[in-house]
Amino acid sequence: MNIALQSTDSRQLVPENPRLNPRPVNALPTISVVAPAYNEEEVIAEFHRRVTDVLTKIGAPYEIVLVNDGSKDNTLAVMHTIQSLDANVTVVDLSRNFGKEIALTAGLEHTAGEVVVVLDADLQDPPELISQMLAGWREGYDVVYGVRSQRDGETWFKKITARYFYRLIQHVSRVDIPRDTGDFRLLSRRAVLDLLRLREEHRFMKGLFAWIGFPSKPIYYQRDPRAAGETKWNYWKLWNLALEGITSFTIGPLKIATYLGLVVALLSLLYAAFVVWKTLAYGDPVRGYPSLMVVVLFLGGVQLVSVGVLGEYIGRIFNEVKQRPLYLINRVLSSRLRAGMGHGSESP
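Described in the following lines is the structure provided in the data block.

The rules we used
- The residue numbering used here restarts from 1 in each chain and proceeds along that chain's sequence as written.
- Given that the model is predicted, a residue must reach a pLDDT of at least 70 before its local features are reported, and side-chain atom pairs must reach 80 or more before they are shown or counted; all residues, however, enter totals for whole chains, interfaces and linings.
- The basis for every side-chain value is the complete set of heavy atoms in the structure, and neither hydrogens nor water enter the calculation.
- Think of it this way: a Phe, Tyr or Trp ring, Trp meaning its six-membered ring, pairs with another when their centres are within 6.5 Å, and the plane angle makes it stacked under 30 degrees, edge-to-face over 60, tilted otherwise.
- Strands are runs of DSSP state E lasting at least two residues, helices are runs of H or I lasting at least four, and both sets are numbered from the N terminus onward.
- For each residue, the accessible area found with a 1.4 Å probe, counting protein chains only, is set against the maximum for its type, and the residue is called buried under 20%, exposed over 50%, and partly exposed in between.
- Think of it as a cone above the ring: NZ of Lys or CZ of Arg counts as a charge over the ring if it is within 6 Å of the ring centre and within 35 degrees of the ring normal.
- Paired strands, in this sense, are two strands between which DSSP finds at least two bridges.
- Note on handedness: a clockwise path from strand one over the helix to strand two, with the strands aimed away from the viewer, defines a right-handed crossover.
- Patches were defined on residues exceeding 30% relative accessible area and lacking a salt bridge, with like-charge contacts within 9 Å and nonpolar side-chain contacts (Val, Leu, Ile, Met, Phe, Trp, Tyr) within 5 Å.
- Reported accessibility uses the Shrake-Rupley method at a 1.4 Å probe radius. Residues are deemed covered only where the shown protein chains occlude them.
- Criterion for a salt bridge: a side-chain nitrogen of Lys or Arg within 4 Å of a carboxyl oxygen of Asp or Glu.

### Structural notes on the packing of aromatic side chains
Argument step 1. Under the defined criterion, the tally for this structure stands at one aromatic pair.
Argument step 2. Ring centres of phenylalanine 184 and tyrosine 221 lie 5.4 Å apart, and the angle between their planes is 85 degrees; this geometry places the pair in the edge-to-face category. Within this pair, whereas phenylalanine 184 is found in strand β6 (residues 181–188), its partner tyrosine 221 is found in strand β7 (residues 216–223), the two being separated by 37 residues in sequence.
Argument step 3. The buried category is assigned to tyrosine 221, whose relative accessible area is 5%.
Argument step 4. Here the guanidinium or amino end of arginine 96 rests over the ring plane of phenylalanine 98, the centre of that ring lying 4.0 Å away.

Encoded structure:
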């Protein structure tokens, strides 16, 4: 059956963004804040204080999920002290250090809120923006993510490399990963549940957040320096994280290795034809040991680089097919919100 509508009527019937499912303007969901921490004893108490102040002002039931990622200092002891004084805190103690990406996954799996906010324990991402993120959730967005308009307290080299890394991965990835965006974001419950269905061991969370899709909205903010302590991300760890991101979301390096091999092979054939022609035309004998060594070493380098790229992907396949659990838990101390949903304190 065909239905004819006047243009003015159709504009009235179509919402501004038909993908959105707005919530009531005064909706107050239960909130979970997740913060993985590794050797953050100097800042974790201040983190708890600031987040608690923000969530108390919002007025919704909440919990703060602190994940101890195998810290070697007194981070876990501080967490236990906080949890003993505040029933809104959950402490997840992993059996060892598994890395931030997996620790974040463990925290997400131990949340009970209708919305989940991911925060770094170093307070570089201001928790005061949670209210603004909730406004985006009420508009109907499932993901509200923070975009860094300015990065204070970081070296010029880190700023430059981060800037171009995000632009590189956005161009080579089949997933639209937002630029200048970290883990700081708000997720709806359905977004969290679908995110947790992705069980790969090599986890680049910024890419996984983008992969699940769902209506998303950016908010821009100025990233602060660390509140205390020192960063645990040296340039070697950042380089490995960049490799994880590239190899997890694109096979571009494999294609580049293939194209590079084709180009080198074509140039080699052209040069070989030139040598044969020159010898036949002028009787020029084969000579030039230094140039020959350069060519051999260049070809060997191209081959080794190509094998190395292939090895990166094969190594990841090797790790994934073993299907080991992402992490193991030493102990969980549950918050009031989590316990109210049937999850008591656990000691596996």
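### Considerations on the pairing of strand β2 (residues 62–68)
The side chains of a regular strand alternate, first on one face of the sheet and then on the other.
Argument step 1. β2 sits mainly inside the fold: seven of its seven residues count as buried.
Argument step 2. Taking every second residue as pointing to the same face, both faces of β2 are buried, with Tyr62, Ile64, Leu66 and Asn68 on one and Glu63, Val65 and Val67 on the other.
Argument step 3. Note that strand β1 (residues 31–37) and β2 share seven bridges and pair parallel. Bridge pairing in β2 places valine 34 opposite valine 65.
Argument step 4. For the crossover that starts at β1, traverses helix α2 (residues 44–58) and ends in the parallel β2, the hand is right-handed.
Argument step 5. Relative to strand β3 (residues 89–94), β2 runs parallel, the two being bridged by five bridges. Of the residues in β3, the one forming a bridge with valine 65 is threonine 90.
Argument step 6. Once you follow β2 into helix α3 (residues 75–85) and on to β3, the crossover reads as right-handed.

### Describing a nonpolar patch on the surface
Argument step 1. A grouping of Val263, Leu266, Leu267 and Leu270 is seen on the molecular surface, where their side chains present a nonpolar patch of about 390 Å² in accessible area.
Argument step 2. Topologically, leucine 270 is positioned in helix α10 (residues 252–282).

### Re unusual backbone geometry
Argument step 1. One non-glycine residue, asparagine 39, adopts positive backbone phi at about 55 degrees.
Argument step 2. Here asparagine 39 lies in the loop between β1 and α2.
Argument step 3. Unlike most non-glycine residues, phenylalanine 214 shows phi in positive territory, near 70 degrees.

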